[in-house]
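Structural characterization, general
Here are the chains, one letter per residue:
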Amino acid sequence: MILFPYYSIEDITRKCHKKIMSKLVTGLHHITALASDAQKNVNFYAGILGLRLVKKTINFDAPEVYHLYYGNEKGSPGTILTFFPYPGIPQGRKGKGQLTVTSFSISENAMDYWMDRLDKFNIAYEGPQQRFDEQVISFEDHDGLGLELVANKNDLRPGFTYGNIPSECAIKGFYGMTLSEECYEKTAGLLVGQMDHILIAEKGNRFRFSASGKPGDFVDVLCNPEALKGLAGYGTVHHVAFATANDATQLEARAKLLNFGLNVTPVIDRQYFHSIYFREPGGVLFEIATIPPGFAIDEPLDHLGEALKLPPWEEQNRIRIERGLSPVSLDIQGYNH
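A brief look at the structure comes next.

What follows is about empty space enclosed by the protein. Tallied over the entire structure, the rule returns one cavity of 30 Å³ or more. What the largest cavity holds in volume is close to 50 Å³. Lining the largest cavity, in full, are Ser103, Arg131, Glu134, Glu148, Val150, Tyr175, Gly176, Met177, Thr178, Arg208, Phe218 and Asp220. Secondary-structure elements contributing two or more residues to the lining of the largest cavity are strand S8 (146–152), strand S9 (173–181) and strand S12 (218–223). Per element, the largest residue contribution to the lining of the largest cavity is four residues, and it comes from S9. For the lining of the largest cavity, the residue count by class is four nonpolar, three polar and five charged.

Have a look at this one:
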């Protein structure tokens, strides 16, 4: 039974364009996962996948741990996958109540390149398979994190122009993500009623929502009641952040969510964006993050991710923090195409 009206990609793009000024939530901002080893993480995401390391900093809530950000050339919202590499933590288990798959967008003609590349580095994958109007291959990183590459003709964003992947095949950013839920109705109600999303497609137990109607912002809710409940640990996602235009729209969104009855944190300064956090009805930790000030606030765009950046309140502890972190190298020559 369809509980919400169906819209084509063209319909939702027109609708979202008309209403963009009134939207509090405009799409995806970033996704943050847990990892086991910082260097292996850099090797996989900057090396094999060819993403740009746009920021090397620390977990502001646990300064003894790196916070590594990967994205497109400019570090744009909707492209940023970040990691907390915690040495020694146990492996997690993907399951319901989690974001279980992060999907990256590639050009419709790039699939053969990526299958060859995954074969080259002995990364097992499934597919390609058809899903809606896209071709998908599924795989995992070295920690077991669920990933997809989605070949499509609708993503007009450029890839990394000077990375180690040919620009015509480079990852453009997120295509979207998948939430695995006991049932989808309450999560759907939150996305549609409080977070400016609409249903754009559904098939079987998969329901796709979007705020912008564009690749990079698709939220697939997978109704999977028979799955085991997910357990936190490396190889699982910690939270997903949605984008909002500025501090004023963030406060409006916070008031709206509080009025809806959710327990929402106060605004927290993450230096590159400001954040509020809350759990959606299925248990996934949601964040709403501002688009400004962005990743070029403390280093030039041409040199993003090269130095360890600390928030101002931790600069006095730099020597101690640097001694406690294992050095990571961005030497990815062995991963060139």
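Taking 1.5 Å per residue as the helical rise, helix H5 (residues 247–260) with its 14 residues ought to reach 20 Å, and the 20 Å between its terminal C-alpha atoms agrees with that figure. Three or more residues of H5 are buried, namely Thr249, Gln250, Ala253 and Leu257. One face of H5 carries all of its buried residues, which in axial projection span an arc of 100°. Against helix H4 (185–194), strand S13 (237–244), strand S15 (274–279) and strand S16 (285–290) lie the buried residues of H5. Two or three places before Ala248, at the opening of H5, Asn246 has a side-chain oxygen 3.0 Å from that residue's backbone nitrogen.

The mixed open sheet is built from eight strands, whose spatial order is S2-S3-S4-S1-S13-S16-S15-S14. Looking at which strands have only one partner, the edges of the open sheet turn out to be strand S2 (52–59) and strand S14 (268–269). Strand direction decides the pairing type here: S15 and S16, joined by five bridges, are antiparallel. Bridging from a neighbouring strand, Phe278 pairs with Phe286 of S16. Packed onto the sheet, helix H2 (residues 38–48) meets strand S1 (27–35), strand S3 (62–71) and strand S4 (80–85) and runs at close to 10° relative to S3.

Enumeration over the complete set of coordinates arrives at 12 salt bridges. Residue Lys55 is joined to Asp298 by a salt bridge in which the shortest nitrogen-to-oxygen separation is 2.7 Å. You can see Lys55 sitting in strand S2 and its partner Asp298 sitting in the loop between S16 and helix H6 (318–324), a full 243 residues away along the chain. The partner of Arg270 in a salt bridge is Asp61, and the shortest N-O contact between them spans 3.0 Å. Residue Arg270 is found in the loop between S14 and S15, and its partner Asp61 is found in the loop between S2 and S3; the two are separated by 209 residues along the sequence. The network of salt bridges with common partners includes Glu134, Arg206, Arg208 and Asp220.

What counts and how
- Residues numbered from 1 in each chain as written.
- Predicted model: local features only at pLDDT ≥ 70, side-chain atom pairs only at ≥ 80, totals over all residues.
- Heavy atoms only, no water.
- 1 Å grid on protein atoms, 1.4 Å probe; cavity = no way out; pocket = protein on both sides within 12 Å on 5 of 7 lines; lining within 4 Å.
- Points joined across faces, edges and corners; volume = space filled by probe spheres on them.
- Helix = DSSP H or I, 4+ residues; strand = E, 2+ residues; numbered from the N terminus.
- Nonpolar A, V, L, I, M, F, W, Y, C, P; charged D, E, K, R; others polar.
- Expected span 1.5 Å × (residues − 1).
- Buried < 20%, exposed > 50% of the residue type's maximum accessible area, 1.4 Å probe, protein only.
- Arc of directions from axis to C-beta.
- Contact = heavy atoms within 4.5 Å.
- Polar contact = N/O pair within 3.5 Å; in protein donor to acceptor, adjacent residues only side chain to side chain.
- Pairing = 2+ DSSP bridges.
- Axes fitted to C-alpha atoms, helices over the stretch in contact; angles between N-to-C directions.
- Salt bridge = Lys/Arg side-chain N within 4 Å of Asp/Glu carboxyl O.

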